[in-house]
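Below, each chain spelled out in residue letters.
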Amino acid sequence: MKIHGRCHCGELTYEAEVDPARVSICHCIDCQILTGTAYRVSVPAMAADFHLLSGAPRIYVKTAESGNARAQAFCGTCGTPIYASDLQHPAVYNLRTGAIAEHAALKPRRQIWCRSALDWVQNLDSMEMHEKG
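A brief look at the structure comes next.

Thresholds applied
- Residues numbered from 1 in each chain as written.
- Predicted model: local features only at pLDDT ≥ 70, side-chain atom pairs only at ≥ 80, totals over all residues.
- Heavy atoms only, no water.
- Patch = residues over 30% accessible without salt bridge, like charges linked within 9 Å, V, L, I, M, F, W, Y side chains within 5 Å.
- Areas by Shrake-Rupley, 256 points an atom, 1.4 Å probe, with all protein chains shown as cover.
- Salt bridge = Lys/Arg side-chain N within 4 Å of Asp/Glu carboxyl O.
- Helix = DSSP H or I, 4+ residues; strand = E, 2+ residues; numbered from the N terminus.
- Buried < 20%, exposed > 50% of the residue type's maximum accessible area, 1.4 Å probe, protein only.
- Pairing = 2+ DSSP bridges.
- Axes fitted to C-alpha atoms, helices over the stretch in contact; angles between N-to-C directions.

## Details of a nonpolar patch on the surface
Moving on, step 1. Taken together, the side chains of Leu118, Trp120, Leu124 and Met127 make up a nonpolar region of the molecular surface, amounting to roughly 350 Å² of accessible area.
Moving on, step 2. Examined against the element boundaries, Met127 turns out to sit in the segment after strand E10 (110–112).
Moving on, step 3. Met127 sits in the partly exposed class, given a relative accessible area of 42%.

Here it is in structure tokens:
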């Protein structure tokens, strides 16, 4: 599936080819902190299929539980998270679905790091719902 993405302010734009069947939710503590919310939703794109069209992301390097250095790319102007990849030799870019124009078509198929999942995220249907804030 061809996708198009951009940060909130529009400084960074990109396009990629992704497999919608590979969308996942990560509940790890790092993703909770880096998103400022309960979990992160991502879809992988092979390096050959990911193309920055404008701008240059800022990179924050985090050390994963495995000990691997991971590049966390974001817009230096508005802060929108764009992707994570291997720091030295990125073969795959884990694109953050919130910045993808076609995000409604990217339904997660799996969840990882569920040991860190907040207990309420599995029961959102029981919450009061409003069309607008």
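Next comes the rest of the description.
## Examining the pattern of salt bridges
Moving on, step 1. For the structure on display, the rule yields two salt bridges.
Moving on, step 2. Across the pair Glu15 and Lys2 runs a salt bridge, and its minimum N-O distance is 3.6 Å. Of the two residues, Glu15 sits in strand E2 (residues 13–17) while Lys2 sits in strand E1 (residues 2–6), which places them 13 residues apart along the sequence.
Moving on, step 3. Its relative accessible area of 42% is what places Lys2 among the partly exposed residues.

## Some points on the sheet that holds E1
Moving on, step 1. Here three strands make up an open sheet; going across it, the order is E1-E2-E5 and the pairing antiparallel. Two strands in the sheet have a free side with no partner beyond their single neighbour: E1 and strand E5 (50–54). Averaged over neighbouring strand pairs, the angle between their axes works out to 20 degrees when direction is ignored.
Moving on, step 2. Bridge count for E1 against E2 is five bridges, and the pairing is antiparallel.

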